[in-house]
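Reading the structure
For reference, the chains in residue letters:
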Amino acid sequence: MNGTPRALNRILIFIFGILLVAVGVLLVLLAAVPAVGAWWASWAPAASLRAGDLFATTAFPGTRVSWLWALAMALLVVIILCMVWWMAHQGTGRQDLVAWSSPTAERGSPDEAPGRVAIAASAVDQAIRGALAPRKDLVGSSVAAVEFEGKIALRVRVVARQGADPREIADDVQRLIGAMDLVFGHSCPVLLHVASGTRSRFSRAERVR
């Protein structure tokens, strides 16, 4: 439920994995198969000489610098910019507002004042955290607003203690979200994630004194 380009990530991981596998297979063949080692010993020096001749014949007039180096630098800059763009698009899709209303009141109306009402995601986070705070079977909770299929959705994550009933937690969260829908004036899609990690294992249980 965010703007992370998952398809692009999988394609890049697949390509990177194929390259690593190919390099690994080549190294294993060079070390284990004498025929491959002999082929490499005969091919690598000749390829190095051909590359040197190519760089020498493509030098800028009056210099020893090949324009292939400039092309390689430009390609490297493009790759870096693409990596920055790719990193910037990881985990996007978070929204600051959960619901809002456009100003509909006319100027001079005695019943309504012109303005715009907006509900921030942080307010929803604090409200749900406060409502779930009395539960002793929860260690913590968090709420984030994300864009999902052109709509604003809520991603609710709760950390449960060991032995907590997930169904009871889900019913309680559903009841809270139903109350939120009445405030918003429309139904809001919700993704509930009930987790039980290291924090729940090492947190101290509440005891009655």
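Structure shown above.
Residues numbered from 1 in each chain as written. Predicted model: local features only at pLDDT ≥ 70, side-chain atom pairs only at ≥ 80, totals over all residues. Heavy atoms only, no water.

1. Observations regarding the overall build of the protein chain
Just so we agree on the cut-off: Segments assigned H or I by DSSP are reported as helices when at least four residues long, segments assigned E as strands when at least two residues long, and all are numbered from the N terminus. When a residue's accessible area, from a 1.4 Å probe over protein chains only, is under 20% of the maximum for its type it is buried; when over 50% it is exposed; and in between it is partly exposed. Should any heavy atoms of two residues lie within 4.5 Å, those residues are considered in contact.
Counting its regular elements, the protein chain contains 6 helices and 6 strands. Counting from the amino terminus, the protein chain carries its helices and strands in the arrangement α-α-α-β-β-β-α-β-β-α-β-α. Classification of the 209 residues of the protein chain by burial places 22% in the buried group. Taking as baseline every contact in the protein chain between residues at least 6 positions apart, the subset at least 24 positions apart corresponds to 56%.

2. Section: the environment of S187
With respect to the helices, strands and loops of the structure, S187 is situated in the loop between α5 (166-184) and β6 (190-195). Spatially, the C-alpha atom of S187 lies 9.4 Å from that of A153, the residues being 34 residues apart in sequence.

3. Considering helix α4 (residues 121-132)
Put simply, the rule reads: Residue count minus one, scaled by 1.5 Å, sets the expected span of a helix. This arc describes the spread of directions from the helix axis toward the C-beta atoms.
Counted at 1.5 Å a residue, the expected span for α4 with its 12 residues is 16 Å, and the 17 Å between its end C-alpha atoms agrees. Of all the residues in α4, the buried ones are A121, V124, D125, I128 and L132. Angular distribution of buried residues about the axis of α4 spans 100°; they occupy a single face of the element.

4. Observations regarding a nonpolar patch on the surface
Put simply, the test is: Each patch is built from salt-bridge-free residues with over 30% relative accessible area, joining like charges within 9 Å and nonpolar side chains (Val, Leu, Ile, Met, Phe, Trp, Tyr) within 5 Å. Every accessible area reported is derived by Shrake-Rupley at a probe size of 1.4 Å, with residue values counting cover from the shown protein chains alone. Salt bridges are counted wherever a side-chain nitrogen of Lys or Arg sits within 4 Å of a carboxyl oxygen of Asp or Glu.
A contiguous nonpolar surface patch, about 510 Å² in accessible area, is contributed by I11, F14, I15, I18 and L19. Tracing the sequence through the fold places I15 in helix α1 (residues 6-32).

5. Let's talk about the pairing of β6
Quick note on the threshold: By this definition, two strands are paired if DSSP reports at least two bridges between them. Convention used here: a crossover is right-handed provided that the path from the first strand, over the helix, to the second strand proceeds clockwise when the strands point away from the viewer.
Direction of pairing for strand β5 (residues 151-160) relative to β6: parallel, over a ladder of 6 bridges. Considered in β6, the bridge of L154 is made with V190. In this view, the connection linking β5 to its parallel neighbour β6 by way of α5 has right-handed handedness.

6. Some thoughts on the pairing of β5
In terms of burial, β5 is a largely internal element, 7 of the 10 residues being buried. Across 10 bridges, the pairing between strand β4 (residues 138-148) and β5 is antiparallel. What sits directly across from S142, in β5, is R157.

7. Topic: the environment of L191
The topology assignment puts L191 in strand β6. The exposure class of L191 is partly exposed, given its relative accessible area of 37%.

8. Here's the deal with the pattern of salt bridges
Tallied over the full model, the rule gives 6 salt bridges. Put simply, E168 and R135 hold a salt bridge, and the shortest N to O gap is 3.8 Å. Residue E168 is located in helix α5, and its partner R135 is located in the loop between α4 and β4; the two are separated by 33 residues in the primary sequence. Its relative accessible area of 14% is what places R135 among the buried residues. With a shortest N-O distance of 3.5 Å, D171 and R167 are connected by a salt bridge. One end of the pair is D171 and the other is R167, both in helix α5 and 4 residues apart, which spans about a single turn. We classify D171 as partly exposed; its relative accessible area is 34%. Looking at R167, the relative accessible area reads 57%, which means it is exposed.

9. Details of the packing of α4 against α5
The cut-off we apply is this: Each axis is a line fitted through C-alpha atoms, taken for helices only over the stretch in contact, and angles between the N-to-C directions span 0 to 180 degrees. Angle categories: roughly parallel below 35 degrees, roughly antiparallel above 145, roughly perpendicular from 65 to 115, and oblique for all the rest. Handedness of a crossing follows from how the near helix is turned relative to the far one, being left-handed for an anticlockwise turn of less than a right angle and right-handed for a clockwise one. Residues are grouped as follows: nonpolar covers Ala, Val, Leu, Ile, Met, Phe, Trp, Tyr, Cys and Pro; charged covers Asp, Glu, Lys and Arg; every other residue, Gly included, is treated as polar.
At a closest axis distance of 11 Å, the pairing of α4 and α5 adopts a crossing angle of 140°. With respect to α5, the element α4 is oriented oblique. In this structure, α4 crosses over α5, and the sense of that crossing is right-handed. Residue-level contacts link V124, A127, I128, A131 and L132 of α4 to D172, V173, L176, I177, M180 and F184 of α5. Classifying every residue of the contact of α4 with α5 gives 10 nonpolar, no polar and 1 charged.

10. A closer look at the packing of aromatic side chains
What counts is decided by this rule: Any pair of Phe, Tyr and Trp rings, taking the six-membered ring for Trp, is counted once the centres come within 6.5 Å. Such a pair is stacked with planes under 30 degrees apart, edge-to-face with planes over 60 apart, and tilted for the rest.
Evaluated as defined, the whole model comprises 4 aromatic pairs. One aromatic cluster is present, built from ring pairs that chain together W39, W40 and W43.

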